[in-house]
Amino acid sequence: MIDISHILKEHGLKNTPQRYCILQAVFEIGGHPTVEDITLEIHQSYPNISLGTVYNVLNMFVEKEILNRVKTDNDVMRFEVAKNNHHHLYSYLDSRIEDYYNEELDGILKDYFREHEIANFDIKEIKLQIVGKFRENK
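Residues numbered from 1 in each chain as written. Predicted model: local features only at pLDDT ≥ 70, side-chain atom pairs only at ≥ 80, totals over all residues. Heavy atoms only, no water.

1. Let's talk about the overall build of the chain
Counting its regular elements, the chain contains five helices and five strands. Starting at the N terminus and walking to the C terminus, you meet the elements of the chain as α-α-α-α-β-β-β-β-α-β. Taking all 138 residues of the chain together, the buried fraction comes to 31%. In the chain, 44% of the contacts between residues at least 6 apart in sequence involve partners at least 24 apart. (Helix = DSSP H or I, 4+ residues; strand = E, 2+ residues; numbered from the N terminus. Buried < 20%, exposed > 50% of the residue type's maximum accessible area, 1.4 Å probe, protein only. Contact = heavy atoms within 4.5 Å.)

2. Some words on the environment of Val-70
Within the secondary structure layout, Val-70 lies in strand S1 (residues 67-71). In this structure Val-70 comes out as buried when scored by relative accessible area, which is 4%. Expressed as a C-alpha distance, the spacing of Val-70 and Lys-133, which sit 63 residues apart in the sequence, is 17 Å. Not counting residues up to four positions away in its chain, the partners in contact with Val-70 are His-32, Val-76, Met-77, Arg-78, Glu-80, His-88, Ile-97 and Gln-129.

3. Considering the side chain of His-88
Relative to the assigned elements, His-88 resides in strand S3 (residues 87-91). Within polar-contact distance, the side chain of His-88 engages the side chain of His-32 at 3.4 Å. Engagement of the side chain of His-88 in a polar contact is seen with the side chain of His-86, the distance being 3.3 Å. When sequence neighbours within four positions are dropped, the list of residues in contact with His-88 reads His-32, Val-70, Glu-80, Ile-97, Glu-98, Asp-99, Leu-128, Gln-129 and Ile-130. (Polar contact = N/O pair within 3.5 Å; in protein donor to acceptor, adjacent residues only side chain to side chain.)

4. Here's the deal with the sheet that holds S3
Within a beta sheet, neighbouring strands are joined by backbone hydrogen bonds and run either parallel or antiparallel to one another. On the basis of which strands lie adjacent, the open sheet formed by three strands has the order S4-S3-S5 and mixed pairing. The outermost strands of the open sheet, each flanked by one partner alone, are strand S4 (97-100) and strand S5 (129-132). Pairwise comparison of adjacent strand axes, ignoring direction, gives a mean angle of 25° for this sheet. (Pairing = 2+ DSSP bridges. Axes fitted to C-alpha atoms, helices over the stretch in contact; angles between N-to-C directions.)

5. A word on the pattern of salt bridges
For the coordinates displayed, the defined rule picks out five salt bridges. Lys-127 is the partner of Glu-80 in a salt bridge, and the nearest nitrogen-oxygen pair spans 4.0 Å. One end of the pair, Glu-80, is in strand S2 (residues 77-81); the other, Lys-127, is in the loop between helix H5 (103-115) and S5, with 47 residues separating them in the sequence. Residue Glu-80 is classed as buried on the basis of its relative accessible area, which comes to 0%. Glu-125 is the partner of Lys-127 in a salt bridge, and the nearest nitrogen-oxygen pair spans 4.0 Å. In this structure Glu-125 comes out as partly exposed when scored by relative accessible area, which is 45%. Overlapping salt bridges bring together Glu-80, Glu-125 and Lys-127 as one network. (Salt bridge = Lys/Arg side-chain N within 4 Å of Asp/Glu carboxyl O.)

6. Let's talk about H5
The periodicity of an α-helix, 3.6 residues per turn, causes residues three or four places apart in sequence to face the same way. Its 13 residues give H5 an end-to-end C-alpha distance of 18 Å, which sits within 8% of 18 Å, the value for a rise of 1.5 Å per residue. Where H5 starts, the residue carrying a side-chain oxygen 3.1 Å from the main-chain nitrogen of Glu-104 turns out to be Asn-102. (Expected span 1.5 Å × (residues − 1).)

That is the geometry; function is a separate question.
The structure is reproduced here in structure tokens:
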């Protein structure tokens, strides 16, 4: 069970009903929900929370590094719980996103950018979005 109150406190945030239910919705939905997905989920219990409040709280969670933003090719913003370094597999057919973990790839990317520094830019993290389509399992 995820302790939402603990996560908020750990990141120096007051535990308000809005923050609690929005973060809980992200965990319950899982994956990479859109703002609309999150809003639909929380409106079942809290129908009076505005879309603006949802956006503001999600942006604060990103600033506090509780969540990450995941942008898609069709400019739909999605969110995910911040976790170990990973990349994304993005299907251009249906906007499906899956996490992709590969330590060897991470090492190659880190080594490359250590050797080929970008002038006037400090890299915080490197994430790839690999675009393609998922094959059906047969």
